[in-house]
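# Understanding the architecture of this molecule
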Amino acid sequence: MPNILRLIIAFAVLGAAVTLFVFGHWAWGILALLISILVFVTFFFNEKMLLAQFYLRKENMDGAEKWLNNIKNYEKELIKQQHGYYHLLLGLIESRRAPMQSEKFFKKALSLGMTMDHNVALAKLSLAGIAMAKRNKREAQMYLQEAKKADKNKLLAEQIKMMQGQMVQMDKTVVQSRGGGGFRR
């Protein structure tokens, strides 16, 4: 349902609530007021996005993907501040299936913008992991440093440390494979 339609419905139900209050039907007026508040809240917090996040927290990727796929046109159904989060959720789901394919979703999420710093840090940390998998150390370090800056509340500090440890391991394996010093003919 497009967001403008949600607003129209919310204001229509609010008008009905005021009318019920004027005519003395307090119980029905309160019920209509609560319904209009609920419809108005769905303008800011899309129920499909909330359900997808719920399923992601439960690690039910199929359920999360089902609810995200129910959003047919994210530009009409979501407010502009949610566009980045929509792509972040798609990237998280895709990273479980095909990590290299999720890069486009994370980059799109960063380009559209997200208001919470820890989500920006999560997207950059995921991009750092993808860059490491591609053996692009410079890009991985750049994304890792940006993730570290964006993680102001230290929610991802342990994952960042683990990723830095993996980069050190990656350097050691590259040195060992190149400089074996064995006998050549």
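Details of the structure are given in the entry above.
First things first, this report covers the structure right here in the doc. (Residues numbered from 1 in each chain as written. Predicted model: local features only at pLDDT ≥ 70, side-chain atom pairs only at ≥ 80, totals over all residues. Heavy atoms only, no water.)

## Digging into helix 1 (residues 3-22)
The condition is simple: What counts as a helix is a DSSP run of H or I of at least four residues, what counts as a strand is a run of E of at least two, and both are numbered from the N terminus. In this analysis, the expected span of each helix is defined as 1.5 Å times one less than the number of residues it contains. The cut-offs for exposure are 20% and 50% of the maximum accessible area for each residue type, with area from a 1.4 Å probe on protein chains only; residues under the lower value are buried, those over the upper are exposed, and the others partly exposed. When we speak of the arc, we mean the arc of directions from the helix axis to the C-beta atoms.
With 20 residues, helix 1 should cover 28 Å at 1.5 Å per step; its first-to-last C-alpha distance of 29 Å lies within 8% of that length. Every buried residue of helix 1 is accounted for by Asn 3, Arg 6, Leu 7, Ala 10 and Ala 17. Down the axis of helix 1, the buried side of the element spans an arc of 95°, and every buried residue falls inside it. Within helix 1, the exposed residues directed more than 90 degrees away from the buried face are Ile 4, Ile 8 and Val 22.

## Section: the packing of aromatic side chains
The relation between two aromatic rings is expressed through the spacing of the ring centres and the mutual angle of the planes. The condition that has to hold: When two rings of Phe, Tyr or Trp (its six-membered ring) have centres within 6.5 Å they constitute a pair, described as stacked for plane angles under 30 degrees, edge-to-face for angles over 60, and tilted for the intermediate range.
Enumeration over the complete set of coordinates arrives at seven aromatic pairs. Ring plane angle 45° and centroid distance 5.0 Å describe the contact between Phe 21 and Trp 26, whose orientation is recorded as tilted. Arranged with centres 5.0 Å apart and planes meeting at 20°, the rings of Tyr 74 and Tyr 86 form a pair that is stacked. Taken together, the residues Tyr 74 in helix 5 (residues 74-77) and Tyr 86 in helix 6 (residues 83-97) connect sequence positions twelve residues apart.

## Examining the packing of helix 3 (residues 47-57) against helix 6
Going by this rule: Lines fitted to C-alpha atoms define the axes, with helix axes restricted to the stretch in contact, and inter-axis angles between N-to-C directions lie between 0 and 180 degrees. Reported orientations rely on four angle classes, namely roughly parallel under 35 degrees, roughly antiparallel over 145, roughly perpendicular from 65 to 115, and oblique for the rest. Crossings are classed by handedness, with left-handed meaning an anticlockwise turn of the near helix from the far one by less than a right angle and right-handed meaning a clockwise turn. Between two residues, a contact is recorded if the distance between any of their heavy atoms is within 4.5 Å.
It is at 11 Å that the axes of helix 3 and helix 6 come closest, and there the two elements cross at 30°. Taken together, the axes of helix 3 and helix 6 lie roughly parallel to each other. The two elements helix 3 and helix 6 meet at a crossing, and its hand is left-handed. Contact with helix 3, carried on its side by Met 49, Ala 52, Gln 53 and Leu 56, involves Tyr 85, Tyr 86, Leu 89, Leu 92 and Ile 93 of helix 6 and no other residues of that element.

## A closer look at the side chain of Ser 36
Residue position: Ser 36 is located in helix 2 (residues 26-44). A relative accessible area of 4% means that Ser 36 is categorised as buried. When residues no more than four places from it in sequence are discounted, the contact partners of Ser 36 are Ala 10, Val 13 and Leu 14.

## Quick look at unusual backbone geometry
The phi dihedral of Glu 59 falls on the positive side, at around 60°, and the residue is not glycine. On the secondary structure map, Glu 59 appears in the loop between helix 3 and helix 4 (61-69). Positive phi, normally seen in glycine, also occurs at Arg 135, with a value near 65°. For Arg 135, the position within the fold is in the loop between helix 8 (117-133) and helix 9 (137-150). On the accessibility criterion, Arg 135 (56% relative accessible area) is exposed.

## So, the pattern of salt bridges
Rule in force here: Each salt bridge in this description consists of a side-chain nitrogen of Lys or Arg and a carboxyl oxygen of Asp or Glu lying within 4 Å of one another.
With the rule as written, the count across this model stands at eight salt bridges. Glu 47 is paired through a salt bridge with Arg 6; the nearest N and O atoms lie 3.0 Å apart. Taken together, the positions of Glu 47 in helix 3 and Arg 6 in helix 1 put the pair 41 residues apart, joining distant regions of the chain. Relative accessible area serves as the criterion here: at 4%, Arg 6 is assigned to the buried category. For Glu 103, the salt bridge goes to Lys 107, with nearest N and O atoms at 3.1 Å. Of this pair, Glu 103 and Lys 107 are both found in helix 7 (residues 103-112), four residues apart, which corresponds to roughly one turn of the helix. For Lys 107, a relative accessible area of 37% translates into the label partly exposed. A single salt-bridge network, built from bridges that share partners, covers Glu 65, Glu 94 and Arg 97.

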